[in-house]
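Descriptive structure summary
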Amino acid sequence: MKLMYFFLPVTVILAPLPALADTVTGSAMPWWGWAGLLFLVTFLIGIFGVMAGIGGGVLFVPLVGGFFPFHIDFVRGAGLFLALSTSLASAPQLLKANLASIKLSLPVAMIASGFSILGAYLGLWLSALSPSYVQGSLGVLILMIVVIMWTSKRSEHPLVRPDDPLSRLLELGGTYIEGSTGQKIEWTTHRTWIGLACFAVVGLVAGMFGLGSGWASVPVINLVMGAPIKIAVATSGFSLSVITTPAWIYLNKGGVLPLIVAPSIFGTMIGARIGAKLLPKVKPSFIRRLVIVVLALAGLRSLAKAFGI
Amino acid sequence: MENKTEQSRYENLPYQAAYGKLSSWVSNLGLAILTVSFALYGFGIVEPAIPMDQLTQYWGLSIPDFVAKTGVPTGWRWVTWVDKGDFANLIGITLLVSVPSLCYSLLLVMSLRGKKWLIAGMTGLTLVLMLLAASNLV
């Protein structure tokens, strides 16, 4: 197991380097080499995404956009499909356990999906002006996400004022059984207006960069709206399938390359299942720190690419 | 009345299980189709519209340039190209991206039947957004 701790992080960092070397030297790797490398990288993203408690999209877009030869347009499109697939894979179990809440997801996903469609058009427009604008803003955004991940706290059961009028109107709340204690927990939300406003921004960014939204929606639902962390993680994962609505726009514009999308979906889904099995055996704080380092490197790489370095 | 509202606030929607079942069924079907079509494409059993050795020259282009150079269809016109190995993959991919719309349609019907007007309103509005994005009209 100790060997694995060393091997996996090193592989995550080293795996894209042949691609980097290729772009530098201009040598041509065959298509199946790229597809295989993509599968390997997304497989590791699947493992680490689950263990670090973030979606795959936030790792996929900067890593693949920074180190692979594909245009950022195709990478963002694939990122949305990857986020969609991971959401679809987990949704049935989360809904059955009443951890993902349709009632909470409905207003959140409605606002975020509307703004994510706007974000997708904004991203394609920026990319048409110059791909370096997208790469540069992606780099800055990823470094901001690194700061959010480094500093944000989690609250198991936040204290909530139940008199929030919008929460009462929308009947935002529910009940679930806490697995560790068998206790029945009732929850509700507050600061609903602020939470929904945050989701407008989250949706815009998710659509613009194909990042998914778990990195932002979990803290918003947990810390701003006051839902328990388990509800926040599950509802965020479930809502993602709706927030990735701009995947249609990429599909309609001819921006979906099966050679990028299919290996990425397969790699992430297999990796996520292995990650879920490894989860009880690893230290989440170590994995989280490792992912933060990889993200920071990917963010810096995006910035470097934007400046033609 | 007030107590009834407070009570229903903590009740989970009864449609969660049905939503989960439909989502699971359609996404498994989409993944199965994608696996088969990608194998046929990858192993060269079905001829692609863009030969693999040429694809590597085009994937560094922006979407508009890629479409202009390769002449691939946009919008729903890909349906007429499904006999090509690469475009056959779009069947599974489209099925996957359709899952939320199908589940929201089910949710809309169930919430209308259950007279949950607010739930039905939000579901209907989101469904319109999804269908607009899917239609290629926006």
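Residues numbered from 1 in each chain as written. Chains lettered and ligands numbered in written order. Predicted model: local features only at pLDDT ≥ 70, side-chain atom pairs only at ≥ 80, totals over all residues. Heavy atoms only, no water.

As annotated in an unreviewed UniProt entry, chain B carries the name DUF1634 domain-containing protein.

1. Considering the overall build of chain B
Counting its regular elements, chain B contains six helices and zero strands. Counted from the first residue to the last, chain B has its helices and strands arranged as α-α-α-α-α-α. Whereas a compact globule of 138 residues would reach a radius of gyration of roughly 14 Å, chain B reaches 21 Å, over 25% beyond that. Principal axes of the C-alpha set define a box for chain B whose edges measure 70 × 30 × 25 Å. Taking the intrachain contacts of chain B between residues at least 6 apart in sequence as the baseline, contacts between residues at least 24 apart amount to 60%. Put simply, chain B shows about 7,100 Å² of open surface, and 65% of that area lies on carbon and sulfur atoms. Averaging the coordinates of the 9 positive side-chain charges in chain B and doing the same for the 8 negative ones gives two points 13 Å apart. (Helix = DSSP H or I, 4+ residues; strand = E, 2+ residues; numbered from the N terminus. Rg over C-alpha atoms; globule rule 2.2 N^0.38 Å. Contact = heavy atoms within 4.5 Å. Areas by Shrake-Rupley, 256 points an atom, 1.4 Å probe, with all protein chains shown as cover. Lys, Arg positive; Asp, Glu negative; His and termini not counted. Charge placed at Lys NZ, Arg CZ, Asp CG, Glu CD.)

2. Observations concerning the overall build of chain A
Along its length, chain A carries 14 helices and two strands. Across the 309 residues of chain A, 62% fall into the buried class. Counting contacts in chain A only where the partners sit at least 6 residues apart, residues at least 24 apart contribute 81% of the total. (Buried < 20%, exposed > 50% of the residue type's maximum accessible area, 1.4 Å probe, protein only.)

3. A look at the environment of Ser152(A)
Residues and elements named next belong to chain A. Following the sequence through the fold, Ser152 ends up in the loop between helix H7 (131-151) and helix H8 (165-169). Look at Ser152 and you get partly exposed, because its relative accessible area is 28%. Residues Ser152 and Leu223, spaced 71 residues apart in sequence, show a C-alpha to C-alpha distance of 9.2 Å.

4. A short note on the packing of helix H9 (residues 192-209) of chain A against helix H10 (residues 214-224) of chain A
All names here are of chain A. It is the contact of H9 with H10, at a shortest axis distance of 10 Å, that shows an interaxial angle of 175°. Taken together, H9 and H10 sit at an angle that is classed as roughly antiparallel. Contact residues: Ile194, Gly195, Cys198, Phe199, Val202 and Val205 in H9; Trp215, Ala216, Ser217, Val220, Ile221 and Val224 in H10. Tallied by class, residues from the contact of H9 with H10 come to ten nonpolar, two polar and no charged. (Axes fitted to C-alpha atoms, helices over the stretch in contact; angles between N-to-C directions. Parallel < 35°, antiparallel > 145°, perpendicular 65-115°, else oblique. Nonpolar A, V, L, I, M, F, W, Y, C, P; charged D, E, K, R; others polar.)

5. A look at the side chain of Ser264(A)
Residue and element names in this part refer to chain A. Among the secondary structure elements, Ser264 is positioned in helix H13 (residues 258-278). You can call Ser264 buried: its relative accessible area is 1%. Leaving out residues up to four positions away in the same chain, Ser264 has contacts with Leu38, Thr42, Phe60 and Leu82.

6. Here's the deal with a nonpolar patch on the surface
Judged by side-chain polarity, Leu122(A), Trp125(A), Leu129(A) and Tyr133(A) come together as a nonpolar surface patch covering roughly 440 Å² of accessible area. By secondary structure assignment, the location of Leu122(A) is in helix H6 (residues 102-129). (Patch = residues over 30% accessible without salt bridge, like charges linked within 9 Å, V, L, I, M, F, W, Y side chains within 5 Å. Salt bridge = Lys/Arg side-chain N within 4 Å of Asp/Glu carboxyl O.)

7. Quick word on helix H11 (residues 229-243) of chain A
One full turn of an α-helix is made of 3.6 residues, so residues set three or four places apart face in the same direction. Counted at 1.5 Å a residue, the expected span for H11(A) with its 15 residues is 21 Å, and the 20 Å between its end C-alpha atoms agrees. Across the 15 residues of H11(A), 13 count as buried, placing the element largely inside the fold. (Expected span 1.5 Å × (residues − 1).)

8. Focus: the UniProt feature "transmembrane region" (unreviewed entry) in chain B
In the numbering used here, UniProt assigns the "transmembrane region" (unreviewed entry) feature to residues 25-46, 87-110 and 117-137 of chain B. Within residues 25-46 of chain B, the helical portion is 82% and the strand portion 0%, while the C-alpha atoms at the span's ends are 27 Å from each other. (UniProt positions renumbered as here; feature names shortened; annotations may be inferred.)

9. Details of the pairing of strand S1 (residues 173-177) of chain A
Along any regular strand, the residues point their side chains to alternate faces of the sheet. Residue and element names in this part refer to chain A. Counting buried positions along S1 yields four of five residues, so the element is predominantly enclosed. As defined by bridge partners, S1 adjoins strand S2 (residues 184-188) across five bridges and the pair is classed as antiparallel. Along S2, the bridge assignment pairs Ile177 with Lys184. Two successive antiparallel strands, S1 and S2, enclose a turn made up of six residues, where Gly182 displays a positive phi of approximately 75°. (Pairing = 2+ DSSP bridges.)

10. A short note on the interface of chain B and chain A
In this assembly, 63 residues from chain B lie in contact with 64 residues from chain A. Where chain B abuts chain A, roughly 5,500 Å² becomes buried across the two surfaces, and 71% of that area is made up of carbon and sulfur atoms. At the junction of chain B with chain A, the criterion picks out zero salt bridges. In this structure, the connection of chain B to chain A is made through 15 residue pairs in polar contact (both at pLDDT 80 or more). Elements supplying a minimum of two residues to the side of chain B that touches chain A: helix H1 (2-9), helix H2 (16-42), helix H3 (52-58), helix H4 (63-70), helix H5 (85-113) and helix H6 (117-135) of chain B. Top element by residues in the side of chain B that touches chain A is H5(B). It accounts for 13 residues. Split by residue class, the side of chain B that touches chain A holds 35 nonpolar, 23 polar and five charged. (Buried area = accessible area lost by both parts, 1.4 Å probe. Polar contact = N/O pair within 3.5 Å; in protein donor to acceptor, adjacent residues only side chain to side chain.)

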